[in-house]
Amino acid sequence: MEAAIDTQKISMKSLPAFEALASGHRACQGCGEVLAMRLAMKALGERIIVVSATGCMEVITTPYPQTSWLVPWMHVAFENASAVGSGVAGALLALARKGRLAGGDTKIVIMGGDGGTSDIGMQSLSGALERGHDFVYLCFDNEAYMNTGIQRSSATPRCAWTTTCPLGEEQPGKQEAKKDLVGIVEKHHIPYLATATPAYPFDLMNKVRRGAQVKGPAFIHVLAPCPTGWRIPTHEVIKVARLAVQTRDYPLYEVVNGKYILGKPGKNVKPVAEYLKAQGRFKHLSENDLAAIQQEVDERFAQLQWLASRP
Amino acid sequence: MMEIRFHGRGGQGAVTAAELMARAAILDGKYAQAFPNFGPERRGAPVTAFLRVSEQPIYLREKIESPDTVVVLDPTLIDLVNVADGLKPGGMMVMNLAASGRGALAKYGDQFQVAAVDASRIAVETIGIPVTNTAILGSLIKACGITSLKTMEGPMQRRFGRLAAKNLLALQRAFEETEVPEAPAAPSPAAPAAGQEGCTYAELLQREALLVWDQLQIGCDIDLPGSTAAFHTGNWRSAGRPYIDREKCVSCGFCHVYCPDLAMNFTDDGAIEWDHRYCKGCGICAEECPKGAISMREESHEQ
């Protein structure tokens, strides 16, 4: 049987011409999330079924009765995208077994934002990962509930401004740390896990493709910059996402069958202040705040290096 | 009760304008409410916000369908959305129009009372950026009263902090520069509003129209893949378009890879082509072009 997912490594020369999305979608100017989604779908190709949780990507691609999607796609609630994806995967297996479906290797792609993944969809995701269905989960993390008006989520980083954690004198911005979603997923011991961002488009596409080739669940966490909610100019979206990686605030790595593989270390690591000061949602930070965040970033990265050094 | 509808683009502050005015009216001892049209927040897309002001408590909680006054923050919206939709005959329109763009006055002049002001210029000269939401409030006060420039100081101070002085200056200047003509003696009856009734499916795909419950298909299935392509998001651009310098362009494709809207594409012979129909004008391509071959210029610039 022909494989559903192309195995070729993606570079600019071998960039797939395929697009799963049509133009005319209603994303904001300079949306980093729809860009990440477009690139991921390019890597996956047309033999997919997409199950989407509620979120920006659902709202902007399907203003009913229109749709941007050129592949089979369905929208379900925030909390059950992984459960529905599991069901579709099971249905495909059953149909193939009964000989009623040719090409039963169609890949199931489940996607959600940070709200649909680390907040509301957490338990159905955990269940699907544990049961080990054959799917790729794409989490597009823009670090708040952006399409309803920038409300905080558990993925909003510490100190960030949102409309529900405004800048008060006692509590300037969010007081709690960002939930370690990737760590939680890692503890399900799935075959493939990776972090990516659209600032490194080929890295993102190749990780999605590698994830889709494993049998069983794969999880790709994508940091998707949001110009509206992060308070950045639309043309700086890619620059800011790149700074997140260059400052080690958002390190790129893979976990393949439990083995951590850290992306190539950058030549000159930048202070995290460069990443934070580029965004309006962090403009209130004091030198002390910046120093504390820098320490958190260094500690997280040291831990990651230790994990990657294990045989 | 006075009902006012604001037309702007996402990010221009139409919602903030309605809210500031409501706060000022409340300080004056009136009742007021301000709220946006519910929908996803999309920078650049046409948005509406609503304001009700009354001497009596307001029990209505719905969108304003037939406003007394319409406020237009962005002149490019006039040809794009029906800003006069439902406006009462002889009603007030407060428009941000450059001196060169006063053609719109003729379009609406015999039906409505059109107060025009070059709010974009005032905003650039006072605040430094073309954000017109505070300037246009000065015009609205001149045209409709509602509150006074003095009362606006408190809410503006609270909202803008150290930027309040500049915004108050914009408010003041717009108040002074707004021309309010006499109301038309016999306003011609408004054209019947184009409803969704009798609209073909193809026409529906062209417009920003959500269906109501009894028009939904069971399961909400959509059998036209990629149908948003009929909806051209190019008219969201308000701050320039990318211009490709063919001398410098090497067709490397990074603008194509980084474009969220599929507006930079390869032609059959491998060149990069800009698609004006969908480009929202974010400027990522210009920022990321490794050869510096793309620059953001004014719309009118010849390619």
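Digging into the overall build of chain B
In step 1: On a plain count of helices and strands, chain B comes out with 9 helices and 10 strands.
In step 2: Within chain B, buried positions represent 47% of all 303 residues.
In step 3: Pairs at least 24 apart in sequence give 63% of the contacts found in chain B among residues at least 6 apart.
In step 4: A total accessible area of about 15,000 Å² is found for chain B, and carbon and sulfur atoms account for 53% of it.

Some points on the sheet that holds strand 2 (residues 73–75) of chain A
Residue and element names in this part refer to chain A.
In step 1: As summarised here, the arrangement of the 8 strands in space is 2-1-3-4-6-5-7-8, forming an open sheet in which the pairing is mixed. The open sheet has two edge strands, strand 2 and strand 8 (259–262), and neither has a second partner. Here the strands of the sheet are splayed against their neighbours by 15° on average, with no regard to which way each runs.
In step 2: Against the sheet, helix 1 (residues 32–44) engages strand 1 (48–52), strand 3 (107–113), strand 4 (135–141) and strand 6 (218–223), with an angle of about 160° to strand 4.
In step 3: Where helix 11 (residues 287–309) meets the sheet, it contacts strand 7 (253–256) and strand 8, and its direction lies at approximately 120° from that of strand 8.

A few points about a positive patch on the surface
In step 1: A cluster of like positive charges, contributed by A:R231, A:K283, B:R159, B:R162 and B:K166, occupies part of the molecular surface.
In step 2: Summarising the element assignment, A:R231 is placed in the loop between helix 8 (227–230) and helix 9 (237–246).

Here's the deal with the domain arrangement of chain B
Residues and elements named next belong to chain B.
In step 1: On domain assignment, one finds that chain B holds domain 1 (2–198) and domain 2 (234–297).
In step 2: Taking the mean C-alpha position of each, domain 1 and domain 2 sit 34 Å from one another.
In step 3: With 8 residues of domain 1 in contact, the opposing surface of domain 2 contributes 4 residues.
In step 4: Roughly 420 Å² is buried in total at the junction of domain 1 and domain 2, and carbon and sulfur atoms are behind 62% of that figure.
In step 5: Counting every contact that joins domain 1 to domain 2 gives 0 salt bridges.
In step 6: When grouped by side-chain class, the residues that make up the side of domain 1 that touches domain 2 number 3 nonpolar, 1 polar and 4 charged.

Looking at the environment of A:V269
In step 1: With respect to the helices and strands, the residue A:V269 is situated in the loop between strand 8 and helix 10 (272–277).
In step 2: In this structure, the C-alpha to C-alpha distance between A:V269 and A:K239, residues 30 residues apart in sequence, is 15 Å.

Describing the interface of chain B and chain A
In step 1: Taken residue by residue, the interface counts 47 residues in chain B and 46 residues in chain A.
In step 2: Buried area between chain B and chain A, summed over both chains or domains, comes out near 3,900 Å², and the portion from carbon and sulfur atoms is 60%.
In step 3: Here chain B and chain A share 1 salt bridge between them.
In step 4: Its salt-bridge partner being B:E288, residue A:R242 comes within 2.7 Å of it at the nearest N-O pair.
In step 5: Our enumeration of links across chain B and chain A arrives at 21 residue pairs in polar contact (both at pLDDT 80 or more).

A short note on empty space enclosed by the protein
All names here are of chain B.
In step 1: Applying the stated criterion to the full structure yields 5 cavities of 30 Å³ or more.
In step 2: Considering only enclosed or pocket space, the second largest cavity measures out at about 110 Å³ in volume.
In step 3: Elements represented by at least two residues in the lining of the second largest cavity include exactly helix 8 (254–258) and helix 9 (284–288).
In step 4: By residue class, the composition of the lining of the second largest cavity is 13 nonpolar, 2 polar and 2 charged.

So, helix 9 of chain A
In step 1: By the criterion of burial, helix 9 of chain A is predominantly enclosed, with 7 of the 10 residues buried.
In step 2: Among the structural elements, helix 1, strand 6, helix 8 and helix 10 of chain A together with helix 8 and helix 9 of chain B are those in contact with the buried residues of helix 9 of chain A.
In step 3: Positioned one or two residues after helix 9 of chain A, A:R248 has a phi angle of 70°, which is positive.

Details of the packing of aromatic side chains
In step 1: Under the definition given, this model contains 8 aromatic pairs over all chains.
In step 2: Where B:F35 meets B:F50, the ring centres are 5.3 Å apart and the plane angle is 40°; that geometry is what we call tilted. Taken together, the residues span a long stretch of sequence, with B:F35 in strand 2 (residues 31–36) and B:F50 in strand 3 (residues 46–54) at a distance of 15 residues.
In step 3: Above the plane of the ring of B:F231 lies A:R26, whose end atom (NZ or CZ) is 3.5 Å from the centre.

Considerations on the layout of surface pockets
All names here are of chain A.
In step 1: Volume-wise, the second largest pocket comes out at about 820 Å³.
In step 2: When residues of the lining of the second largest pocket are traced back to their parent elements, those giving at least two are helix 6 (181–186), strand 5 (192–196), strand 6, helix 10 and helix 11.
In step 3: Sort the elements by how many residues they give to the lining of the second largest pocket and helix 11 lands first, with 8 residues.
In step 4: Its residues assigned to classes, the lining of the second largest pocket comprises 18 nonpolar, 4 polar and 12 charged.

A short note on helix 4 (residues 133–144) of chain B
Residues and elements named next belong to chain B.
In step 1: Compared with the 16 Å implied by 1.5 Å per residue over 12 residues, the 16 Å span of helix 4 between its first and last C-alpha is a close match.
In step 2: The element helix 4 is extensively covered by neighbouring structure, given that 11 of its 12 residues are classed as buried.
In step 3: Those residues of helix 4 not exposed but buried are N133, T134, A135, I136, L137, G138, S139, L140, I141, A143 and C144.

Things to note about the nonpolar core
All names here are of chain A.
In step 1: The biggest cluster of nonpolar side chains holds 73 residues, and the ones touching the most others in it are M41, W69 and L138.
In step 2: Among the elements that line this core, the one with the most residues is helix 1, at 9 residues.
In step 3: If near-sequence neighbours (up to four positions away) are discounted, L138 is found in contact with A40, M41, L44, V109, I110, M111, G112, V208 and I220.

Looking at the packing of helix 3 (residues 81–97) of chain A against helix 5 (residues 122–131) of chain A
A pair of packed helices can be characterised by two numbers: the angle between their axes and the separation between those axes.
Residues and elements named next belong to chain A.
In step 1: Interaxial distance between helix 3 and helix 5 falls to 7 Å at its minimum, and their mutual angle equals 35°. Side by side, helix 3 and helix 5 meet where A81, S82, A83 and S86 of the first sit next to S124, L125, A128 and R131 of the second.
In step 2: Counted by class, the contact of helix 3 with helix 5 contains 4 nonpolar, 3 polar and 1 charged residues.

Observations concerning the environment of A:G45
In step 1: One can find A:G45 in the loop between helix 1 and strand 1.
In step 2: Note: C-alpha distance between A:G45 and A:L125 (80 residues apart in sequence) is 23 Å.

Thresholds, definitions, all that
One numbering rule holds for all chains: residues counted from 1, following each sequence as written. To label them, take the chains in the order written and letter them from A, then take the ligands in the order written and number them from 1. In view of the model being predicted, local features appear only for residues whose pLDDT reaches at least 70, and side-chain atom pairs are presented and counted only at 80 or more, with totals across whole chains, interfaces and linings using the full set of residues. Hydrogens and water molecules were not included; the side-chain quantities draw on all heavy atoms of the structure. A run of H or I in DSSP counts as a helix once it spans at least four residues, and a run of E counts as a strand once it spans at least two, with each numbered from the N terminus. Here the term buried applies to any residue with accessible area under 20% of the maximum for its type, exposed to any over 50%, and partly exposed to those in between, with areas from a 1.4 Å probe on protein chains only. The criterion used for residue contact is that any of the two residues' heavy atoms lie within 4.5 Å. For accessible areas, the Shrake-Rupley method is used with a probe of radius 1.4 Å. Any residue's cover is judged against the shown protein chains and nothing else. Paired strands, in this sense, are two strands between which DSSP finds at least two bridges. Throughout, an axis means a line fitted to C-alpha atoms (over the contacting stretch in the case of helices), and angles, computed between N-to-C directions, take values from 0 to 180 degrees. Patch building starts from residues that exceed 30% relative accessible area and form no salt bridge, then joins like charges within 9 Å and nonpolar side chains (Val, Leu, Ile, Met, Phe, Trp, Tyr) within 5 Å. In the sections that follow, a salt bridge refers to a side-chain nitrogen of Lys or Arg positioned within 4 Å of a carboxyl oxygen of Asp or Glu. The convention is simple: Lys and Arg are positive, Asp and Glu are negative, and His and the chain ends are not counted. A charged residue contributes its charge at one atom only: NZ of Lys, CZ of Arg, CG of Asp or CD of Glu. Where each domain begins and ends is defined by an automated method or by a domain database. Take the accessible area each of two parts loses on contact, using a 1.4 Å probe, and add the two losses: that sum is the buried area. For this scheme, ten residues count as nonpolar: Ala, Val, Leu, Ile, Met, Phe, Trp, Tyr, Cys and Pro. Four count as charged, namely Asp, Glu, Lys and Arg, and the remainder, Gly too, count as polar. In protein, a polar contact requires one atom able to donate a hydrogen and another able to accept it; more generally it is a pair of N or O atoms within 3.5 Å, and residues adjacent in sequence count only if both atoms are side-chain atoms. Think of a 1 Å grid over just the protein atoms. A cavity is a set of points where a 1.4 Å probe fits yet cannot get out, a pocket is an open set with protein on both sides within 12 Å along at least five of seven lines, and lining residues have an atom within 4 Å of a point. Grid points are joined across faces, edges and corners, and a volume is the space filled by probe spheres set on the points. When the centres of two rings from Phe, Tyr and Trp lie within 6.5 Å, Trp using its six-membered ring, the rings pair. Their planes under 30 degrees apart give stacked, over 60 give edge-to-face, and anything left gives tilted. Two conditions define a charge located above a ring, namely a distance within 6 Å from the ring centre to NZ of Lys or CZ of Arg, and an angle within 35 degrees of the ring normal. Multiplying 1.5 Å by the residue count of a helix minus one yields the expected span of that helix. The criterion is simple. A nonpolar core is a set of buried Ala, Val, Leu, Ile, Met, Phe, Trp, Tyr and Cys residues joined through side-chain atoms within 4.5 Å.

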